[in-house]
Each structure stands twice: as structure tokens, then as C-alpha cells.
Amino acid sequence: QANLLDHACHRGVLALDAGALGPCEACGRIGMEAAIGYARRHRLKPKLLHYSTSAEATGDRSRVVGYGCYGLF
């Protein structure tokens, strides 16, 4: 379930479309929306650099937090 929500975040960022963030629950969503606006104004290209979840670090899959790292080039 976390992966599905996180992929909504990925789609929005990679499309540079804040409206496409949809069900994205990122705690940094407002910052992501600002970065999307900045990237659009400056014609930057987004790239997903890395994605993982807390389950990968702890092994606990009962409550998972996702982490996405994006670059704007």
C-alpha cells in the first residue's frame, strides 16, 4: 500500500505536475509542490535518484514510511 501511495508522488514529480500528486501523503508535499513549480519555471528535468522504505532498513513491514530522492537537472 505504501508503494502505491509513493508512486503517486513519483508520478507527480516526474511529470512536474503538482496536480498529479493525487493521493501522495508525503510529509514534504508542500516542498515538493514548490520544487515542481521552480523546475517548471526554470525548465529543469526531474529524475528519481533513489527510493526505499523504512521496511528495508528495519525489517518491520507493519508500519512503513517511504523515502524518495529526486534531482532536478
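Look up a bit, the structure's there.
Just so you know, these numbers come straight off a predicted model, no measurement behind them.

## Regarding the overall build of the protein chain
- Across its full length, the protein chain carries three helices and two strands.
- Overall, the protein chain shows an N-to-C arrangement of helices and strands of α-α-β-α-β.
- The C-alpha extent of the protein chain, read off along each of the three principal axes, is 40 × 20 × 15 Å.
- Counting every position in the protein chain, which comprises 73 residues, the buried fraction comes to 26%.
- Contacts in the protein chain between residues at least 24 apart in sequence constitute 36% of all its contacts with a sequence separation of at least 6.
- With 9 positive and 6 negative side-chain charges, the protein chain shows a spacing of 11 Å between the two charge centroids.

## Describing the pattern of salt bridges
- All chains considered together, the criterion is met by one salt bridge.
- Of the charged contacts in the structure, one is a salt bridge between Glu-33 and Arg-29, with a shortest N-O distance of 3.1 Å. Of this pair, Glu-33 and Arg-29 both sit in helix H2 (residues 29–41), four residues apart, roughly one helical turn.
- Given the relative accessible area of 31%, Glu-33 is considered partly exposed.

## As for the side chain of Thr-53
- Assignment of secondary structure puts Thr-53 in strand S1 (residues 46–53).
- Contact partners of Thr-53, with chain neighbours within four places excluded, come to Asn-3, Val-64, Val-65, Gly-66 and Tyr-67.

## Points about the environment of Arg-63
- Within the fold, Arg-63 resides in the loop between helix H3 (54–58) and strand S2 (66–72).
- The exposure class of Arg-63 is exposed, given its relative accessible area of 71%.
- For the pair formed by Arg-63 and Cys-9, sequence separation is 54 residues and the distance between their alpha carbons is 18 Å.

## What about helix H1 (residues 2–14)?
- In this model H1 runs 18 Å from its N-terminal to its C-terminal C-alpha over 13 residues, within 8% of the 18 Å that 1.5 Å per residue would give.
- Within H1, burial applies to Asp-6, Ala-8, Cys-9, His-10, Gly-12 and Val-13.
- Taken together, the buried residues of H1 touch H2, S1 and S2.
- Two residues or fewer past H1, Leu-16 is found with a positive phi of approximately 50°.

Here is what the cut-offs are and how they apply
- Residues numbered from 1 in each chain as written.
- Predicted model: local features only at pLDDT ≥ 70, side-chain atom pairs only at ≥ 80, totals over all residues.
- Heavy atoms only, no water.
- Helix = DSSP H or I, 4+ residues; strand = E, 2+ residues; numbered from the N terminus.
- Buried < 20%, exposed > 50% of the residue type's maximum accessible area, 1.4 Å probe, protein only.
- Contact = heavy atoms within 4.5 Å.
- Lys, Arg positive; Asp, Glu negative; His and termini not counted.
- Charge placed at Lys NZ, Arg CZ, Asp CG, Glu CD.
- Salt bridge = Lys/Arg side-chain N within 4 Å of Asp/Glu carboxyl O.
- Expected span 1.5 Å × (residues − 1).

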